[in-house]
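This is what each chain is made of:
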Amino acid sequence: MVIPVRDLADSLDSCLKGLEQQYNREAIEVIVVDDGSADGSPEVARRSGVRVVSQPRQGAAVARNHGVLEARGRIILFLDADCVPAPDWASKLARPLLD
């Protein structure tokens, strides 16, 4: 799962807490791509125990692509840092891709 972020530390914290509730969370690789934040967003992500990669400000699309290059899984989901996913969000979204 790739989450691009720039200066959304508070929202990112809620987003990552929502991801902790995902069914089969241990099987989900989470990569937060920091796009030049100045508000502590990378530190929020690190405290959550997810993988953090950084880049200079280049925009969300470049951050998503950077995350794809870093990902090790065969299915990549994208989530915006200002969203809080439902507990079954990842499994429902990935299920058709696993069949």
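Residues numbered from 1 in each chain as written. Predicted model: local features only at pLDDT ≥ 70, side-chain atom pairs only at ≥ 80, totals over all residues. Heavy atoms only, no water.

**Student:** Please explain the pairing of strand β1 (residues 2–5) as it appears in this structure.
**Tutor:** Put simply, side chains in a regular strand alternate between the two faces of the sheet. Where burial is concerned, the two faces of β1 agree: the one with V2 and P4 and the one with I3 and V5 are both buried. As paired strands, β1 and strand β2 (residues 31–35) are joined by four bridges and run parallel to one another. Note that in β2 the partner of V2 across the bridge is I31. As a crossover connection, the stretch from β1 through helix α1 (residues 9–20) into β2 is right-handed. (Buried < 20%, exposed > 50% of the residue type's maximum accessible area, 1.4 Å probe, protein only. Helix = DSSP H or I, 4+ residues; strand = E, 2+ residues; numbered from the N terminus. Pairing = 2+ DSSP bridges. Right-handed = clockwise from strand over helix to strand, strands pointing away.)

**Student:** Hey, could you run me through α1 in this one?
**Tutor:** In an α-helix, one turn spans 3.6 residues, which is why side chains three or four residues apart end up on the same side. Over its twelve residues, α1 extends 17 Å from the first C-alpha to the last, a length consistent with the 16 Å expected when each residue adds 1.5 Å. Buried within α1 we find A9, L12, C15, L16, G18 and L19. Turning to α1, the residues buried within the fold contact β1, β2 and α2 (41–47). (Expected span 1.5 Å × (residues − 1). Contact = heavy atoms within 4.5 Å.)

**Student:** I keep staring at unusual backbone geometry and nothing clicks. Help me out?
**Tutor:** Generally, phi is negative for residues other than glycine and the peptide bonds are trans, each holding for most cases. Within the chain, D7 stands out as a residue other than glycine whose phi angle is a positive 55°. Residue position: D7 is located in the loop between β1 and α1. On the basis of relative accessibility, which here comes to 31%, the residue D7 falls in the partly exposed class.

**Student:** Hey, could you run me through the sheet that holds strand β3 (residues 51–55) in this one?
**Tutor:** Strand pairing in a sheet relies on backbone hydrogen bonds. The paired strands run either parallel or antiparallel. Strand order in the open sheet formed by three strands is β1-β2-β3, and the pairing between neighbours is parallel. The outermost strands of the open sheet, each flanked by one partner alone, are β1 and β3. For this sheet, the mean angle separating the axes of adjacent strands, direction not counted, is 20°. Contacting β1 and β2, α1 crosses the sheet at an angle of about 170° to β1. (Axes fitted to C-alpha atoms, helices over the stretch in contact; angles between N-to-C directions.)

**Student:** What should I look at first to understand the pattern of salt bridges in this one?
**Tutor:** Pairing of side chains with opposite charge becomes possible as their charged atoms draw close. A complete count under the given rule lists eight salt bridges for this structure. Measuring nitrogen to oxygen at the nearest pair gives 2.9 Å for the salt bridge that ties D7 to R57. In this pair, D7 sits in the loop between β1 and α1 while R57 sits in the loop between β3 and α3 (60–70), placing the two residues 50 residues apart along the sequence. The salt bridge involving D88 is made with K92; its shortest N-O contact spans 3.1 Å. A single network of salt bridges, built from pairs that share partners, joins E29, R51, E70 and R72. (Salt bridge = Lys/Arg side-chain N within 4 Å of Asp/Glu carboxyl O.)

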